[in-house]
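Secondary and tertiary structure notes
Here is what each chain is made of, one letter per residue.
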Amino acid sequence: MVAEQEAGVAIEGDKQWPRLEPISTGIRGRCPRCGQGHLFKSFLKLADGCDVCGLSYAFADPADGPAFFVIIFGCVPAVTFALLLEIAWTPPLWVHLATSVPFLILTCVLPLRPLKGWLVCSQFFFKAREGRIAEPWHPYGADGPAVMPAKNPW
Ligand SMILES: [Zn+2]
């Protein structure tokens, strides 16, 4: 648990970690806390934890976020290209194998890992997690009266 945050430094226990931008650590597949350890143990499978600082990656759950971004910004243009190519020129199959298939791989498979790394590092950076039921707030200490959080008017 981060006890205190100062300008650019996260203090956790007696150690200080630099606040690393998720885009720089995620794209390189590095640990979001130390920036040194590996985030992945295979192409898309996350490691259990950082091999340098010991941060557990149990918090990481990008779900289908990387696939969503790849579908919207990679797959749709690549399939559109293949369809337009087929409609415009009706080329033989080898043309699609030489153009459409590599274009699909470049735009749909290769971006998955950096996108997943970026989303996991963003989860750590912004402390994103599932919602929890708020506990009563004790503004006058543990012995004082509890105040329930205000209900969301929406
Ligand atoms: Zn680390």
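As the structure is a computational prediction, the values presented were derived from the model and not from experiment.

1. Topic: the overall build of the chain
Secondary structure assignment for the chain yields five helices and three strands. Counting from the amino terminus, helix and strand elements in the chain follow one another as β-β-β-α-α-α-α-α. In the chain, which comprises 154 residues, the proportion classed as buried is 16%. Pairs at least 24 residues apart make up 44% of the contacts formed inside the chain by residues separated by at least 6 positions.

2. Focus on the packing of helix α2 (residues 65-89) against helix α4 (residues 100-108)
Running from amino to carboxyl end, α2 crosses α4 at an angle of 170°, the nearest separation of the two axes being 9 Å. Looking at the two axes, α2 sits roughly antiparallel to α4. Between α2 and α4, the residues in contact are Val70, Gly74, Cys75, Pro77, Ala78, Phe81, Ala82 and Leu85 and Ser100, Phe103, Leu104, Thr107 and Cys108, respectively. For the contact of α2 with α4, a count of residues per class yields ten nonpolar, three polar and no charged.

3. Some details on the packing of α2 against helix α5 (residues 112-126)
Running from N to C, α2 and α5 point in directions that differ by 130°, and their axes come no closer than 9 Å. With respect to their mutual orientation, α2 and α5 come out oblique. Considering only the axes of α2 and α5, their crossing is right-handed. Packed against α2, whose contacting residues are Gly65, Pro66, Phe69 and Val70, the element α5 presents Leu112, Leu115, Lys116 and Leu119 at the interface. Counted by class, the contact of α2 with α5 contains six nonpolar, one polar and one charged residues.

4. A few points about the nonpolar core
In terms of nonpolar packing, the biggest core is built from nine residues, these being Cys31, Leu39, Cys50, Val70, Leu115, Trp118, Leu119, Val120 and Cys121. Not counting the four nearest positions on each side in its chain, Leu119 is found in contact with Pro62, Gly65 and Pro66.

5. Regarding α5
In this model α5 runs 21 Å from its N-terminal to its C-terminal C-alpha over 15 residues, within 8% of the 21 Å that 1.5 Å per residue would give. Within α5, burial applies to Leu115, Lys116, Gly117, Trp118, Leu119, Val120, Cys121 and Gln123. Close packing links the buried residues of α5 with α1 (22-28) and α2. Taken from the residues just after α5, Lys127 is the one with a positive phi, measuring 55°.

6. A word on the confidence of the model for the chain
Confidence along the chain averages 86 in pLDDT terms, with 81% of residues attaining 70 or more. Summarising per-element confidence for the chain, the mean pLDDT is lowest in strand β1 (residues 4-6) (46) and highest in helix α3 (residues 93-98) (96). Confidence drops under pLDDT 50 across residues 1-6; counting only partners more than four residues distant or on other chains, this segment forms eight contacts.

7. A closer look at unusual backbone geometry
In this structure, Thr90 is a non-glycine residue whose phi angle is positive, near 45°. Within the chain, Lys127 stands out as a residue other than glycine whose phi angle is a positive 55°.

8. Quick notes on the environment of Val70
Residue placement: Val70 occurs in helix α2. Along the chain, Val70 and Leu112 lie 42 residues apart, while their C-alpha atoms are 6.8 Å from each other. Val70 has contacts with Cys75, Cys108, Pro111, Leu112 and Leu115, leaving out every residue within four places of it along the chain.

9. Topic: the environment of Lys45
Relative to the elements of secondary structure, Lys45 occurs in the loop between α1 and α2. The exposure class assigned to Lys45 is exposed, which follows from the 8 C-beta atoms found within 10 Å. Taking C-alpha positions, Lys45 is 9.1 Å from Arg113, a pair spaced 68 residues apart along the chain.

About the cut-offs
- Residues numbered from 1 in each chain as written.
- Predicted model: local features only at pLDDT ≥ 70, side-chain atom pairs only at ≥ 80, totals over all residues.
- Helix = DSSP H or I, 4+ residues; strand = E, 2+ residues; numbered from the N terminus.
- Buried ≥ 20, exposed ≤ 12 C-beta atoms within 10 Å, placed from the backbone.
- Contact = placed C-beta atoms within 7 Å.
- Axes fitted to C-alpha atoms, helices over the stretch in contact; angles between N-to-C directions.
- Parallel < 35°, antiparallel > 145°, perpendicular 65-115°, else oblique.
- Nonpolar A, V, L, I, M, F, W, Y, C, P; charged D, E, K, R; others polar.
- Left-handed = near helix turned anticlockwise from the far one by under 90°.
- Core = buried A, V, L, I, M, F, W, Y, C linked by C-beta atoms within 7 Å.
- Expected span 1.5 Å × (residues − 1).
- pLDDT = per-residue confidence, 0-100.

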